[in-house]
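Listed below are the residues making up each chain.
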Amino acid sequence: MKVGVVTFPGSLDDVDALRAVGIGGNEAVPLWHGDHDLRGVDAVILPGGFSYGDYLRCGAISRFSPVMAEVIEAAGRGMPVLGICNGFQILCESHLLPGALIRNDHRKFVCRDQRLRIENTRTPWTASYDEGAEVTIVLKNGEGGFVADEATLDRLEGEGQVVARYLEVNPNGSMRDIAGITNERGNVVGLMPHPEHAVEDLTGAGTDGLGFFTSLLETAQK
């Protein structure tokens, strides 16, 4: 599958995401924030970083980038979209996902190998995992606390839209230990940890993040 990775001004992990896409068996396609063109891709990744310097709010300016008009329209048609860290923030600002990401409750940037539980394997980004799988994936953020009103949280829990949950320690104050969510349709996923940094044994936290990049092919072959 052709998977596009968007580069915004201030993106930090776009090259890592492109590499992970290739390791996962897909064709990586660089996309530019200023383009009104998704170049015929089958899926899109919004990578981590500090797009537009995180001015106003994280992701608030990126949400209005020309490429996001195309991403929002494509997501509405069912295209798989994955937002990682800053990409998760952009998805929330774009109203493709509910809730918001705010400053960590301890007011410090956190960087650690984080234990997670994968709770929804029905998305095109998580199909390679066993439901309930416990994995270790790199986490690095300063504004990663997921918040939403109680009704939204109850709906996410009740409809099985929580994709991943923090284990052992809540690193940023996210409500109900939520590390990642999906939309009702299941094609849009936001994840605060960085699976692209956990795809090779040689570096990082191992290969527990690779499933986010192999799942697309597995889903397409069903």
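Within any chain, residue numbers begin from 1 and follow the written order of that chain's sequence. With the structure being a predicted model, the display of local features is reserved for residues of pLDDT at least 70 and the display and counting of side-chain atom pairs for 80 or more, all residues being used for whole-chain, interface and lining totals. Side-chain measures here rest on the full set of heavy atoms in the structure, leaving out hydrogens and waters.

**Some details on the environment of histidine 36**
We apply this condition: Think of it this way: any DSSP run of H or I at least four residues long counts as a helix, any run of E at least two long counts as a strand, and we number them from the N terminus. Only protein chains enter the accessibility calculation, which uses a 1.4 Å probe; a residue is then buried when its area is under 20% of its type maximum, exposed when over 50%, and partly exposed in between. Two residues qualify as a contact provided that any one of their heavy atoms is within 4.5 Å of a heavy atom in the partner residue. Here a polar contact is taken to be a pair of N or O atoms separated by no more than 3.5 Å, where protein atoms must pair a possible hydrogen donor with a possible acceptor and residues adjacent in sequence count only if both atoms sit in side chains.
In this fold, histidine 36 is placed in the loop between strand S2 (27-32) and strand S3 (43-46). When its relative accessible area of 56% is taken as the criterion, histidine 36 is described as exposed. Residues histidine 36 and asparagine 170, 134 residues apart in the sequence, show an inter-C-alpha distance of 38 Å. Residues contacting histidine 36, with those up to four places away along its chain left out, are Pro66 and Glu70. Among the polar contacts made by the side chain of histidine 36, one reaches the side chain of glutamate 70 at a distance of 3.1 Å.

**Regarding helix H5 (residues 211-220)**
Residues of H5 that are buried: Gly211, Phe212, Phe213, Ser215 and Leu216. In this structure, the buried side of H5 is in contact with strand S1 (2-7), helix H1 (14-23), S3, strand S6 (110-118), strand S7 (134-141) and strand S11 (188-191).

**Let's talk about the UniProt feature "active site" (unreviewed entry) in the protein chain**
The test is simple: UniProt positions are given in the numbering used here, feature names are shortened, and annotations may be inferred rather than shown by experiment.
What UniProt calls "active site" (unreviewed entry) maps, in this numbering, to Cys85, His194 and Glu196. Spanning 112 residues, the annotated positions come together in the fold, the maximum distance between their C-alpha atoms being 11.1 Å. Secondary-structure assignment places histidine 194 in the loop between S11 and H5. Take histidine 194: its relative accessible area is 1%, and that puts it in the buried class. Ignoring sequence-local partners within four residues, the contact set of histidine 194 consists of Asp13, Gly48, Ile84, Cys85, Ile137, Val138 and Lys140. Tracing the sequence through the fold places glutamate 196 in the loop between S11 and H5. Given a relative accessible area of 4%, glutamate 196 falls into the buried group.

**Overview of the pattern of salt bridges**
Put simply, the rule is: Note on definitions: salt bridges are taken to be side-chain nitrogens of Lys or Arg within 4 Å of carboxyl oxygens of Asp or Glu.
Scanning all chains against the criterion turns up 11 salt bridges. The salt bridge partner of arginine 165 is glutamate 119, with a shortest N-O separation of 2.8 Å. Separated by 46 residues along the polypeptide, arginine 165 in strand S9 (residues 162-166) and glutamate 119 in the loop between S6 and S7 bring together distant segments of the chain. One network of salt bridges, with partners in common, ties together Arg117, Glu119, Glu150, Asp154, Glu157, Arg165 and Arg176.

**Some remarks on the pairing of S6**
Note the threshold: Two strands pair if DSSP finds at least two bridges between them.
Sheet topology places S6 next to S7; 8 bridges connect them, and they run antiparallel. Bridge pairing in S7 places aspartate 113 opposite valine 138. Bridge analysis of S6 against S9 gives 3 bridges, and the strand direction is antiparallel. Considered in S9, the bridge of isoleucine 118 is made with alanine 164.

**Regarding a nonpolar patch on the surface**
The cut-off we apply is this: Nonpolar side chains (Val, Leu, Ile, Met, Phe, Trp, Tyr) within 5 Å and like charges within 9 Å form the patches, drawn only from residues with over 30% relative accessible area and no salt bridge. Per-residue and other accessible areas follow the Shrake-Rupley method at a 1.4 Å probe size, with only the shown protein chains counted as cover for residues.
Where nonpolar side chains cluster on the molecular surface, the patch consists of Leu12, Phe50 and Phe109 and spans about 310 Å² of accessible area. Classification of leucine 12 by relative accessible area gives partly exposed; the value is 46%.

**Comments concerning the state of the cysteines**
Working definition of a disulfide: a covalent bond connecting the sulfur atoms of two cysteines. Quick note on the threshold: Note on terminology: disulfide denotes any pair of cysteine sulfur atoms within 2.5 Å.
One pass over the structure, following the stated rule, counts 0 disulfides. Between cysteine 58, a free cysteine, and cysteine 85, which holds the nearest cysteine sulfur, the sulfur-to-sulfur gap is 8.3 Å. On the basis of relative accessibility, which here comes to 7%, the residue cysteine 58 falls in the buried class.

**Looking at the packing of aromatic side chains**
Rules: Aromatic pairs are defined between Phe, Tyr and Trp rings, using the six-membered ring for Trp, whenever the two ring centres lie within 6.5 Å; interplanar angles under 30 degrees are classed as stacked, those over 60 as edge-to-face, and all others as tilted. In this scheme, Lys NZ or Arg CZ marks a charge over a ring once it lies within 6 Å of the ring centre and within 35 degrees of the ring normal.
On inspection of all chains with the given rule, the structure shows 2 aromatic pairs. Look at phenylalanine 88 and phenylalanine 146: their rings are 6.1 Å apart centre to centre, the planes differ by 20°, and that puts the pair in the stacked class. Of this pair, phenylalanine 88 sits in helix H3 (residues 86-93) while phenylalanine 146 sits in strand S8 (residues 145-147), and the two are 58 residues apart along the sequence. Phenylalanine 146 sits in the buried class, given a relative accessible area of 0%. Here the basic side chain of arginine 63 rests over the ring of phenylalanine 64, its NZ or CZ set 4.7 Å away from the ring centre.

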